[in-house]
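# Coordinate inspection notes
The primary structure of each chain is shown beneath.
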Amino acid sequence: EFRRVLFRSTPAGGVSAAQGKAAADPLKRYDRYFDSPFGVESYSTGEKRFCRGPAWVIVGTVSGLCKVLYRYDVKNFNNLDALARRGGVVVVSNHVSYLDVVFMYLSMFPNYWPRFMARDSLFRNSAFLNWVFARIGAFPVKRDAADRLAVKRAARMLRNGEVVGIMPEGSRRGKGSVAPRVH
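First, a word on scope: everything that follows refers to the structure included in this document.

Turning to the sheet that holds strand E3 (residues 139-141), a few remarks are in order. Read across the sheet, 4 strands follow the order E1-E4-E2-E3 without closing on themselves; strand pairing throughout is parallel. Of all strands in the sheet, those with a lone pairing partner are strand E1 (89-92) and E3, marking the two edges. The mean inter-strand angle of the sheet, taken between neighbouring strand axes irrespective of direction, is 30°. Against the sheet, helix H9 (residues 148-159) contacts E1, strand E2 (115-119), E3 and strand E4 (163-166), and its axis sits at roughly 140° relative to E3.

Turning our eyes to something else, we now look at the packing of helix H4 (residues 53-70) against helix H8 (residues 127-135). Taken N-terminus to C-terminus, the directions of H4 and H8 make an angle of 100°; their axes are 9 Å apart at the nearest point. Classified by the interaxial angle, the pair formed by H4 and H8 is roughly perpendicular. Residues Pro54, Ala55 and Ile58 of H4 pack against Trp131, Val132 and Arg135 of H8. The class makeup of the residues in the contact of H4 with H8 is 5 nonpolar, no polar and 1 charged.

About the thresholds
- Each chain carries its own residue numbering, running from 1 in the written order of its sequence.
- With the structure being a predicted model, the display of local features is reserved for residues of pLDDT at least 70 and the display and counting of side-chain atom pairs for 80 or more, all residues being used for whole-chain, interface and lining totals.
- Heavy atoms from the whole structure form the basis of all side-chain values; hydrogens and water molecules are not counted.
- Pairing between strands is defined by DSSP: at least two bridges between them are needed.
- The way it works is that DSSP assigns letters per residue, a run of H or I at least four long becomes a helix, a run of E at least two long becomes a strand, and they are numbered from the N terminus.
- Lines fitted to C-alpha atoms define the axes, with helix axes restricted to the stretch in contact, and inter-axis angles between N-to-C directions lie between 0 and 180 degrees.
- Contacts between residues were defined by any pair of non-hydrogen atoms, one from each residue, lying within 4.5 Å.
- Each angle gets one of four labels, with under 35 degrees taken as roughly parallel, over 145 as roughly antiparallel, 65 to 115 as roughly perpendicular, and the rest as oblique.
- Side-chain classes are defined by residue name, with Ala, Val, Leu, Ile, Met, Phe, Trp, Tyr, Cys and Pro counting as nonpolar, Asp, Glu, Lys and Arg as charged, and the others, Gly among them, as polar.

Okay, structure coming up:
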């Protein structure tokens with residue numbers, strides 16, 4: 001009897017309207033991660049941080065590989081630490097390679113869990129990448145439009161004391177005399 005009730009409660013296609021919207025837009029599935037605390041225990045509104053277990057595994061593995069392969073070193077971390085203790089911080093960097101984001105993230109880990117703005121197409125191209133980015137605290141931004149939702153999310157994160165990372169160039173550009181473009 002339970003099956004019949006559950007089956008009748010859905011429209012003729014067998015999928016509810018909410019499920020249909022979530023299936024059409026893969027970002028909707030992870031909205032709770034984009035809007036939840038990540039770098040802090042909870043928000044002033046009472047929302048609690050979700051489990052960072054997958055993030056610890058992902059970031060720990062990448063950190064170990066990068067330490068061995070690139071032997072990076074973080075200098076002047078105390079400047080970020082002093083600012084972040086006072087409240088939310090925006091960390092801004094140019095974008096020369098794919099590894100920029102990785103090293104910015106690792107330079108703050110594990111003391112701070114930065115939340116990076118990432119172009120929305122990164123979340124749409126692969127279900128696996130969507131899952132990974134949502135679990136490590138990234139959130140999508142539409143590049144070719146005024147994305148008020150992304151700005152509201154970033155402002156909320158800053159008000160609640162989180163570290164937000166932004167690459168304002170919007171895409172990678174090589175070294176040299178290449179002039180930056182605005183997206």
